[in-house]
Amino acid sequence: APEQTVPGLFEVELQANGIRGTSAQAVYPISLEVLLDHELEMITASTTVTSEADGLQELIPVIIRNNGNTLETFELSLQGDAYPLRATLSTTQTAPLDPFGGESGVNVILPMNVTSDEVLIQPGEYVLRVTAVSTTDATYKSEVIILVIITDTYSVIVEDKDLEGQSYRGGQSE
């Protein structure tokens, strides 16, 4: 079948003619079936991200490209070390992706909190896996793996104290 042919059953006829000077002719009907082709590509600018847990949110964009031969929608999930990082996805399902190169995107959101529910995000290596599963065929999935490296983070927590109406001069003790 030609490239960029959608799935389905196609009828063609093969016509055979006899040698020149004869009237012999035969027509043979042929049915061609183009099967469904799943081909998903998941692309990220970098599969390794290095950051501090400094409270500045990190976004990791992932491009999702449908190189298959039919319109597809994919359910998205995040596995691996998502919990200790408090990582989430910006969406859990793609819009319908056109065949032969239709694209969508999703962001992996890393809050990079200094603390996460009073638990420090420890320096180290964390693995995140973004998985896309076809909504029309749950046996087809694709994934991209991202390594997140948290470096040593130093922070100072300053007490929030209401000093309204108070003044101090240099050298003055309380």
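Let us now look at the sheet that holds strand β11 (residues 124–134). If you walk across this open sheet you meet the 4 strands as β4-β12-β11-β6, and the pairing is mixed. At either margin of the open sheet sits one strand with a lone partner, and together these are β4 (48–52) and β6 (74–80). Here the average twist between neighbouring strands, direction ignored, is 25°. Sheet topology note: the β11/strand β12 (residues 141–151) ladder contains 10 bridges and is antiparallel. Bridging from a neighbouring strand, valine 130 pairs with valine 144 of β12.

Turning next to the nonpolar core. Soluble globular proteins: nonpolar side chains tend toward being buried together. Counting 29 residues, the largest nonpolar core has Leu85, Val108, Leu110 and Leu128 as its most contacted members. For this core, the elements supplying multiple residues, two or more each, are β3 (40–44), β5 (58–66), β6, α1 (82–85), β8 (102–110), β11 and β12. Apart from residues lying up to four places away in sequence, leucine 128 is in contact with Leu78, Gln79, Asp81, Ala82, Leu85, Ala87, Val108, Leu110, Val144, Ile145, Ile146 and Val148.

Time to look at the pattern of salt bridges. Taken as a whole and judged by the stated rule, the model has 3 salt bridges. Between arginine 65 and glutamate 41 there is a salt bridge, with the nearest N and O atoms lying 3.1 Å from each other. Placement of arginine 65 in strand β5 and of glutamate 41 in strand β3 is noted, with a sequence separation of 24 residues between them. Between arginine 65 and glutamate 103 there is a salt bridge, with its nearest N and O atoms 2.5 Å apart. Here the residue arginine 65 occupies a position in strand β5, and glutamate 103 occupies one in strand β8, the gap between them amounting to 38 residues.

Parameters at a glance
Residues numbered from 1 in each chain as written. Predicted model: local features only at pLDDT ≥ 70, side-chain atom pairs only at ≥ 80, totals over all residues. Heavy atoms only, no water. Pairing = 2+ DSSP bridges. Helix = DSSP H or I, 4+ residues; strand = E, 2+ residues; numbered from the N terminus. Axes fitted to C-alpha atoms, helices over the stretch in contact; angles between N-to-C directions. Core = buried A, V, L, I, M, F, W, Y, C linked by side-chain atoms within 4.5 Å. Buried < 20%, exposed > 50% of the residue type's maximum accessible area, 1.4 Å probe, protein only. Contact = heavy atoms within 4.5 Å. Salt bridge = Lys/Arg side-chain N within 4 Å of Asp/Glu carboxyl O.

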